[in-house]
Amino acid sequence: MTFLLERRSYNLNMKSEILRRAYELLYEHFGPQGWWPAETPFEVCVGAILTQGTSWKNVESTIKNLKARDLLNPFALAKISNEELARLLKPCGYYNVKAKRLKNFLKFLIDNYHGDLEALKKEELTEIRKKLLSISGLGKETVDSILLYALDYPIFVVDAYTYRIMSRHHLLPEETTYEEMQELFMANLPEDIELFKEYHALLVACGKNYCKLKNPQCSKCPLKEIENV
């Protein structure tokens with residue numbers, strides 16, 4: 001494998017420059033991603049919970065089924081049994097587990113905010129993130145996806161593609177924590193919600209197409225040009 005950057009430490013200014021240039025290269029190559037693909041903030045929340053451990057294609061299929069049954073709202077989903085919900089979530093895999101996670105989120109939303117996502121936006125970021133992370137089954141990536149894409153909080157979402165790309169570029173070691181990886185972006189980029197959304201989506205596109213777990217396509221990757229930074 002050809003690494004894009006030498007193994008060395010980068011100061012704050014250098015990391016900022018690299019991250020900004022990486023964004024430019026990805027955007028020029030892939031164009032705007034329009035992520036998260038959803039009609040409502042609640043649909044984003046459901047998608048964020050269902051996408052764990054499966055492809056987005058499977059999530060889209062499941063959401064389409066929920067829409068066809070007029071179930072894509074908090075109160076309609078809360079009324080059906082866990083067993084029925086699990087059957088509807090089968091295309092996503094781990095459907096029994098995901099049904100429980102979704103029910104946990106619905107209970108939290110209805111019990112505390114009357115099912116109104118707009119009410120969550122009135123809370124300070126640190127506090128609402130802490131509350132969402134307390135919901136059984138919701139991890140940091142899922143919660144941050146909800147915060148960024150559904151609720152428009154300025155927080156960067158970190159996923160497996162982020163780890164892979166950043167560690168291969170030697171910006172942070174592979175054993176970096178979620179918070180450290182998140183801080184890399186949030187400390188070196190403007191606090192811009194739309195930038196965070198687009199950057200995360202572009203990293204996913206790069207990971208899927210070039211920075212693959214096996215047989216990465218480094219010579220074709222748009223980030224190979226970052227060597228010149």
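What you see is a predicted model, and the numbers here were worked out from it, not measured in a lab.

Draft legend 1. Region of the structure containing the overall build of the protein. The helix and strand tally for the protein stands at 12 helices and zero strands. When the helices and strands of the protein are listed from N to C terminus, the series reads α-α-α-α-α-α-α-α-α-α-α-α. Relative to the compact-globule value of 17 Å for 229 residues, the protein shows a C-alpha radius of gyration of 19 Å, a close match. The dimensions of the protein, computed from C-alpha atoms along their principal axes, are 55 × 35 × 30 Å. For the protein, the proportion of its 229 residues judged to be buried stands at 49%. At a minimum sequence separation of 6, the contacts of the protein that also span at least 24 residues come to 65%. Approximately 11,800 Å² of the protein is accessible, and the part contributed by carbon and sulfur atoms is 48%. Counting 31 positive and 31 negative side-chain charges, the protein places the averaged centre of each group 8 Å from the other.

Draft legend 2. Expanded view of the packing of helix H9 (residues 140-150) against helix H11 (residues 178-188). Close contact between H9 and H11 brings their axes to 12 Å; oriented N to C, the two are set at 35 degrees. Of the two elements, H9 crosses H11, and the hand of that crossing is right-handed. On the side of H9, the interface is formed by Lys-140, Glu-141 and Asp-144, while H11 contributes Tyr-178, Glu-179 and Gln-182. Looking at side-chain class alone, the contact of H9 with H11 contains one nonpolar, one polar and four charged residues.

Draft legend 3. Structural detail: unusual backbone geometry. Going from Trp-35 to Trp-36, the amide bond is cis rather than trans, its omega being 15 degrees. Following the sequence through the fold, Trp-36 ends up in the loop between helix H1 (12-30) and helix H2 (41-50). Notably, Asp-70 is not glycine yet its phi reads approximately 55 degrees, a positive angle. Looking at the element boundaries, Asp-70 is found in the loop between helix H3 (56-68) and helix H4 (74-79). Accessibility expressed as a relative area gives 62% for Asp-70, which makes it exposed.

Draft legend 4. Region of the structure containing the pattern of salt bridges. Overall, the coordinates contain 10 salt bridges when judged by the stated rule. Taking the shortest distance from any N to any O, the salt bridge between Arg-129 and Asp-144 comes out at 2.7 Å. Highlighted residues: Arg-129 in helix H8 (residues 125-133) and Asp-144 in helix H9, separated in sequence by 15 residues. Exposure class is identical for Arg-129 and Asp-144. Each is buried.

Draft legend 5. Focus on the confidence of the model for the protein. Summing up the model confidence of the protein, the mean pLDDT is 92 and the portion of residues at 70 or higher is 93%. Note that pLDDT drops below 50 for residues 1-10; the model gives that stretch 28 contacts with residues more than four away or on any other chain.

Draft legend 6. Highlighting the packing of H2 against helix H6 (residues 95-113). In the contact formed by H2 and H6, the axes pass within 9 Å of each other and the chain directions differ by 145 degrees. Judged by the twist between their axes, the crossing of H2 over H6 is right-handed. In this structure, H2 contributes Phe-42, Cys-45, Val-46, Ile-49 and Leu-50 to the contact, and H6 contributes Lys-98, Arg-101, Leu-102, Phe-105, Leu-106 and Leu-109. A per-class count over the contact of H2 with H6 returns nine nonpolar, no polar and two charged.

Draft legend 7. Structural detail: the side chain of Asp-159. Its location among the elements puts Asp-159 in the loop between H9 and helix H10 (160-168). Among buried Asp, Glu, Lys and Arg side chains, Asp-159 stands out as unpaired, with Arg-164 the closest opposite charge at 8.3 Å. At a separation of 2.9 Å, a polar atom in the side chain of Asp-159 contacts the side chain of Thr-162. Excluding its chain neighbours within four sequence positions, the residues that come into contact with Asp-159 are Glu-141, His-200 and Val-204.

Draft legend 8. Quick look at the nonpolar core. Core analysis: the biggest nonpolar cluster contains 75 residues, and Leu-77, Phe-105, Leu-132, Phe-185 and Tyr-199 have the highest contact counts within it. In this structure, Tyr-199 is in contact with Leu-19, Ala-22, Tyr-23, Leu-26, Phe-156, Phe-185 and Leu-189, ignoring residues within four places of it in sequence.

Draft legend 9. Highlighting the packing of aromatic side chains. Scanning the entire structure with this criterion turns up 12 aromatic pairs. With 5.4 Å between their ring centres and 85 degrees between their planes, Phe-185 and Tyr-199 make a pair best called edge-to-face. Of this pair, Phe-185 sits in helix H11 while Tyr-199 sits in helix H12 (residues 193-209), and the two are 14 residues apart along the sequence. Of the two residues, Phe-185 and Tyr-199, both sit in the buried class. Among the aromatic residues, those joined into a ring-pair cluster are Tyr-23, Tyr-27, Phe-156, Phe-185, Phe-196 and Tyr-199.

Thresholds applied
- Residues numbered from 1 in each chain as written.
- Predicted model: local features only at pLDDT ≥ 70, side-chain atom pairs only at ≥ 80, totals over all residues.
- Heavy atoms only, no water.
- Helix = DSSP H or I, 4+ residues; strand = E, 2+ residues; numbered from the N terminus.
- Rg over C-alpha atoms; globule rule 2.2 N^0.38 Å.
- Buried < 20%, exposed > 50% of the residue type's maximum accessible area, 1.4 Å probe, protein only.
- Contact = heavy atoms within 4.5 Å.
- Areas by Shrake-Rupley, 256 points an atom, 1.4 Å probe, with all protein chains shown as cover.
- Lys, Arg positive; Asp, Glu negative; His and termini not counted.
- Charge placed at Lys NZ, Arg CZ, Asp CG, Glu CD.
- Axes fitted to C-alpha atoms, helices over the stretch in contact; angles between N-to-C directions.
- Left-handed = near helix turned anticlockwise from the far one by under 90°.
- Nonpolar A, V, L, I, M, F, W, Y, C, P; charged D, E, K, R; others polar.
- Salt bridge = Lys/Arg side-chain N within 4 Å of Asp/Glu carboxyl O.
- pLDDT = per-residue confidence, 0-100.
- Polar contact = N/O pair within 3.5 Å; in protein donor to acceptor, adjacent residues only side chain to side chain.
- Core = buried A, V, L, I, M, F, W, Y, C linked by side-chain atoms within 4.5 Å.
- Phe/Tyr/Trp six-rings, centres within 6.5 Å; stacked < 30°, edge-to-face > 60°.

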